[in-house]
Amino acid sequence: MEQEHGDEIDEDDDQEAVISRSQIKREALEFQQIGRQIYELPKKKRNTLPLDPLLHEAFDEADRINSSDALRRHFQHVGKLIRDLNADELKSELASLKRAAHLKGSRHDLLEQAIKGLLKEGRTASEPFLEKYPHADRQLLNQLIRNTSKAEAKREEGAKETPAMKKLKQYLIRIMKL
């Protein structure tokens, strides 16, 4: 009886060690997706990642491929290369790049909200802003708000950003340290 019980335990250990075909395919697809995410990054950001020279060559090759089927097959190859590297390190690097991009987007939103509030309310909105950022120059801020309001009123719909708006944005970025 003890041997039968012992045999069952060995079978369970063998089943845990065996990876299913479905699991292998899921992992291969995940590595391909990581490769695509890295490929879709701008080259400057891609070059900051700790990539193997073979991966750099594979991404350069992907730039030259025109056929969608050939590109799909090529990313299967890229997935194999990533599998051989430390994929967890690449995942963490990609996640940190995404977090940085998200923070940049939230800073942009904060800047846009400040500009809308200052332009909508004028001087009354500049008082709370100056309390929050006491190192800001009151006179310069009010002058920039006034000039931007005038320029935005004259600007046509769909026209590019006015120089006054650019100056206001630059000043707010410097004051808000974004």
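Computed from a predicted structure; not experimentally measured.

> Tell me about the packing of aromatic side chains, and name the residues and values.
Applying the stated criterion across every chain, the model contains 3 aromatic pairs. Judged by centre distance (5.4 Å) and plane angle (65°), the rings of Tyr39 and Phe75 are edge-to-face. Taken together, the residues span a long stretch of sequence, with Tyr39 in helix α2 (residues 21-40) and Phe75 in helix α5 (residues 68-84) at a distance of 36 residues. Accessibility classification places Tyr39 together with Phe75 in one group, the buried group. An angle of 45° between the planes, with centres 4.9 Å apart, marks the rings of Phe129 and Tyr133 as tilted. In this structure, Phe129 and Tyr133 share a single accessibility class: buried. Here the aromatic residues Tyr39, Phe59 and Phe75 are joined through ring pairs into a cluster of three or more.

> Break down the side chain of Arg46 for me, citing the residues and quoting the values.
Structurally, Arg46 is set in helix α3 (residues 43-48). The side chain of Arg46 sits in the buried core without any salt bridge; Asp63 is the nearest counter-charge, 4.5 Å away. Contact partners of Arg46, with chain neighbours within four places excluded, come to Ile38, Tyr39, Leu41, Leu51, His56, Phe59 and Asp63.

> Can you break down the environment of Tyr171 residue by residue, with the values?
Considering the arrangement of structural elements, one finds Tyr171 in helix α9 (residues 163-176). Residues Tyr171 and Ala136 lie 35 residues apart in sequence; the distance between their C-alpha atoms is 9.1 Å. Discounting residues that sit within four places of it in the chain, Tyr171 has contacts with Ala136, Asp137, Leu140, Leu141 and Leu144.

> Give me the environment of Glu27: which residues, what numbers.
Here Glu27 lies in helix α2. For Glu27 and Gly79, which are 52 residues apart along the polypeptide, the C-alpha to C-alpha distance reads 9.2 Å.

> I'd love a proper account of the packing of α2 against α5, names of residues and values included.
Two elements in contact, α2 and α5, have axes whose closest approach is 8 Å; the angle formed by their N-to-C orientations is 105°. One finds that α2 runs roughly perpendicular with respect to α5. Each of Phe31, Gln32, Ile34, Gly35, Arg36, Ile38 and Tyr39 in α2 lies in contact with α5, whose residues at this interface are Leu71, Arg72, Phe75, Gln76, Val78, Gly79, Ile82 and Arg83. Looking at the contact of α2 with α5, its residues break down into 8 nonpolar, 4 polar and 3 charged.

> Explain a positive patch on the surface to me, and be specific about the residues and the numbers.
Residues Arg123, Arg146, Lys150 and Lys154 make up a contiguous surface patch of positive charge. Here the positive patch gets 3 residues from one element, more than from any other, and that element is helix α8 (residues 138-154). Take Arg123: it is sitting in helix α7 (residues 123-132).

> Could you give an account of the pattern of salt bridges, with specific residues and numbers?
Side chains that carry opposite charge are capable of pairing whenever their charged atoms lie near each other. Following the criterion strictly, the structure yields 6 salt bridges and no others. Arg64 is paired through a salt bridge with Glu61; the nearest N and O atoms lie 2.7 Å apart. Linking Arg64 with Glu61, this pair stays in helix α4 (residues 53-64), spanning 3 residues, or about one helical turn. Given a relative accessible area of 34%, Glu61 falls into the partly exposed group. A salt bridge links Arg138 to Glu127, with the nearest nitrogen and oxygen atoms 2.7 Å apart. Of this pair, Arg138 sits in helix α8 while Glu127 sits in helix α7, and the two are 11 residues apart along the sequence. Of the residues examined, Arg138 reaches a relative accessible area of 42% and is grouped as partly exposed. In this structure, a network of salt bridges that share partners links the residues Glu112, Glu161 and Lys169.

The rules behind these values
- Residues numbered from 1 in each chain as written.
- Predicted model: local features only at pLDDT ≥ 70, side-chain atom pairs only at ≥ 80, totals over all residues.
- Heavy atoms only, no water.
- Phe/Tyr/Trp six-rings, centres within 6.5 Å; stacked < 30°, edge-to-face > 60°.
- Helix = DSSP H or I, 4+ residues; strand = E, 2+ residues; numbered from the N terminus.
- Buried < 20%, exposed > 50% of the residue type's maximum accessible area, 1.4 Å probe, protein only.
- Lys, Arg positive; Asp, Glu negative; His and termini not counted.
- Salt bridge = Lys/Arg side-chain N within 4 Å of Asp/Glu carboxyl O.
- Contact = heavy atoms within 4.5 Å.
- Axes fitted to C-alpha atoms, helices over the stretch in contact; angles between N-to-C directions.
- Parallel < 35°, antiparallel > 145°, perpendicular 65-115°, else oblique.
- Nonpolar A, V, L, I, M, F, W, Y, C, P; charged D, E, K, R; others polar.
- Patch = residues over 30% accessible without salt bridge, like charges linked within 9 Å, V, L, I, M, F, W, Y side chains within 5 Å.
- Areas by Shrake-Rupley, 256 points an atom, 1.4 Å probe, with all protein chains shown as cover.
- Charge placed at Lys NZ, Arg CZ, Asp CG, Glu CD.

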